[in-house]
Amino acid sequence: MRLSTGCVTKESGKDDRLCGVRTSGLIVLLAVWWLVQSVSTAAAEAVPASIQRPQFAQETKAPRPLPWRRIPAHGVLLKDLNTGRTLYEFEASKRLSPASLTKIMSALVILEYGNLDDQVIVSPWAARAHKIRLGLKAGQVFRLEDLLKAMLIVSANDACLAAVEHVGGDEEQFVLLMNAKASALGLTDTHFSNGCGFDAPDHYSTAEDLAKLSEFALRHPVFKQLVRAEREIITPVNGSRPYLLRNTNRLLGTVPGVEGVKTGFTSKAGRCLVAKVSQDGRDLLLVLLNAKRRWTTALRLIRFGLDALDGEPDTLR
């Protein structure tokens, strides 16, 4: 590289000396600059990669939080069922209305105290249940197992009340069994006042308790089989009209590995969901309470959880 000193040769000795001083000063400055650059480069090369990129090692251990300015649900719990580790949570211990997620507990009590081959007469009270309902008629007779299918697959409240009245004698006695079961399972932030999930001040649960309840329920082979069914048909014993049951869980049949569990909705509870997902040895349980954009939120959290279990450094896309 050619350097210019900025000097002009003159006959005067004074000018020659001045030019020499300027040239020497420039050389000194260049030497200092070269030394600083060499030290900086050596220092940078000596810094370990873990210090230069502090987030990479951290991200391989746990995924970064989902980039929501406002969490699109009032309660969230995402859990790895194989280790029991919580992968994501938001207000998981907050008491909220569970809507028809209540029917998970109702189904457990029916399976414990009822006989699935029993023939159940639909009462006038059950036939008048608030929607969602199948439109069952008072006096129709169904097998208890068929009513259980209707309450779990399409969340039918008329089928639920008919089953609850049959097993408990009346709904009030049945609710006592529900709360006793909740206590036995250690669901300390759960209390039921009805068998189907209607809103009430003393009817509440949490995402954490509902996850525990769902894990327990999924150990029962009949429950596990019914909540993963996409369609079923039931027919009254004393009639010929068939009722088609289409599962209210939109994830079933569209997301690989989804195995239930239950949807719910009321004006107070909002849109709720418990979902079980199994893919390639990875098992997730997701609970959403009062969720906006329920299905979009669920899909993003499921992807988040599966990526977390894979140990991918970047789980956001």
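Going along each chain's sequence as written, the residues are numbered from 1 onward. Given that this is a predicted model, residues contribute local features only at a pLDDT of at least 70 and side-chain atom pairs are listed and counted only at 80 or more, while totals for whole chains, interfaces and linings are drawn from all residues. To get the side-chain values, all heavy atoms of the structure are used, and hydrogens and water are removed first.

*Asks:* Provide a residue-level description of the side chain of Thr297, including the pertinent values.
*Replies:* Mapped onto the fold, Thr297 is located in helix α11 (residues 294–310). In this scheme, a residue with accessible area under 20% of its type's maximum is buried, one over 50% is exposed, and one in between is partly exposed, where area comes from a 1.4 Å probe on protein chains only. Here Thr297 falls in the buried class, since its relative accessible area comes to 3%. What makes two residues a contact is simply this: any of their non-hydrogen atoms within 4.5 Å. When residues no more than four places from it in sequence are discounted, the contact partners of Thr297 are Trp68, Pro72, Leu288 and Lys292. Runs of E in the DSSP output that reach at least two residues are strands. Runs of H or I that reach at least four are helices, and both are numbered from the N terminus.

*Asks:* Pulling in residues and values, what's your account of the nonpolar core?
*Replies:* Soluble globular proteins: nonpolar side chains tend toward being buried together. By size, the foremost hydrophobic cluster in this structure holds 64 residues, and its most contacted members are Leu134, Leu148 and Phe223. Excluding residues that lie within four positions of it along the chain, Phe223 makes contacts with Ile104, Ala107, Leu111, Leu152, Ala217, Leu218 and Val261. In plain words, nonpolar cores are sets of buried Ala, Val, Leu, Ile, Met, Phe, Trp, Tyr and Cys residues tied together by side-chain atoms within 4.5 Å.

*Asks:* I'd like a rundown of the packing of helix α4 (residues 102–113) against helix α9 (residues 207–217), residues and numbers included.
*Replies:* Look at α4 against α9: their axes get within 10 Å of each other, and the N-to-C directions meet at 35°. Of the two elements, α4 crosses α9, and the hand of that crossing is left-handed. In this structure, α4 uses Ile104, Met105 and Leu108 to contact α9, whose residues at the interface are Leu213, Ser214, Phe216 and Ala217. Ten residue types, Ala, Val, Leu, Ile, Met, Phe, Trp, Tyr, Cys and Pro, are classed as nonpolar, four, Asp, Glu, Lys and Arg, as charged, and the remainder, Gly among them, as polar. Class assignment for the residues of the contact of α4 with α9 results in 6 nonpolar, 1 polar and no charged. Axes, fitted as lines to C-alpha atoms, cover a helix only where it is in contact. Angles between the N-to-C directions of the axes lie from 0 to 180 degrees. Left-handed describes a crossing in which the near helix is turned anticlockwise from the far one by less than a right angle; the clockwise case is right-handed.

*Asks:* Pulling in residues and values, what's your account of the side chain of Asn290?
*Replies:* With respect to the element layout, Asn290 can be found in strand β9 (residues 282–291). Polar contact is the term for a pair of N or O atoms within 3.5 Å; when the atoms are in protein, one must be able to donate a hydrogen and the other to accept it, and sequence-neighboring residues count only if both atoms are side-chain atoms. Side-chain polar atoms of Asn290 contact the side chain of His74, separated by 3.1 Å. Ignoring any residue separated from it by four or fewer positions in sequence, one finds Asn290 in contact with Pro72, Ala73, His74, Lys268, Ala269, Gly270, Arg271 and Cys272.

*Asks:* Account for the pattern of salt bridges, naming residues and giving values.
*Replies:* Two side chains bearing opposite charge may form a pair once their charged atoms approach each other closely. The term salt bridge refers to a pairing of a side-chain nitrogen on Lys or Arg with a carboxyl oxygen on Asp or Glu at a separation within 4 Å. Applying the stated criterion across every chain, the model contains 13 salt bridges. Lys149 is the partner of Asp146 in a salt bridge, and the nearest nitrogen-oxygen pair spans 3.7 Å. Placement of both Asp146 and Lys149 in helix α6 (residues 144–153) is noted, with a separation of 3 residues, approximately one turn of the helix. Classification of Asp146 by relative accessible area gives buried; the value is 9%. Asp310 is the salt-bridge partner of Arg282, the closest N and O atoms lying 2.7 Å from each other. Placement of Arg282 in strand β9 and of Asp310 in helix α11 is noted, with a sequence separation of 28 residues between them. Given a relative accessible area of 44%, Asp310 falls into the partly exposed group. If you follow the salt bridges from partner to partner, you end up with Asp117, Arg143, Glu145, Asp146, Lys149 and Glu232 in one network.

*Asks:* Report on the confidence of the model for the protein chain, specifying residues and quantitative values.
*Replies:* pLDDT gives the predictor's per-residue confidence on a scale running from 0 to 100. The share of residues in the protein chain with pLDDT of 70 or more is 77%, and the mean pLDDT across the chain is 84. Confidence over residues 1–23 falls short of pLDDT 50; this stretch has 9 contacts with residues more than four positions distant or in other chains. Confidence drops under a pLDDT of 50 for residues 25–61, and excluding neighbours within four residues, the segment shows 12 contacts in the predicted structure.

*Asks:* Lay out unusual backbone geometry with the relevant residues and their values.
*Replies:* Across the junction of Lys131 and Ile132, the peptide omega takes the value 10°, indicating a cis bond. With respect to the element layout, Ile132 can be found in the loop between α5 (124–127) and β4 (141–143). Residues Gly260 and Val261 are joined by a peptide bond in cis, for which omega reads 25°. Its place among the elements puts Val261 in strand β7 (residues 258–266). Although it is not a glycine, Glu91 sits at a positive phi angle of roughly 50°. Assignment of secondary structure puts Glu91 in the loop between β2 (86–90) and α4. You can call Glu91 partly exposed: its relative accessible area is 41%. In this model, Asp280 sits at a positive phi of 50°, which is unusual for a non-glycine residue. Tracing the backbone shows Asp280 in the loop between β8 (270–279) and β9.

*Asks:* Could you give an account of the sheet that holds β8, naming the residues involved and the relevant values?
*Replies:* Strands sit in the order β2-β1-β9-β8-β7 across an open sheet of 5 strands; the sheet is antiparallel. The open sheet is flanked by β2 and β7, the only strands paired with a single partner. Each strand of the sheet is rotated relative to its neighbour by a mean of 5°, with strand direction disregarded. Inspection of the sheet shows strand β1 (residues 73–80) paired to β9 by 7 bridges, in the antiparallel sense. Each residue of the ladder has a partner; that of Gly75, found in β9, is Leu289. Across the sheet, α9 lies against β1, β8 and β9, angled at about 135° from β9, the strand it touches most. Paired strands, in this sense, are two strands between which DSSP finds at least two bridges.

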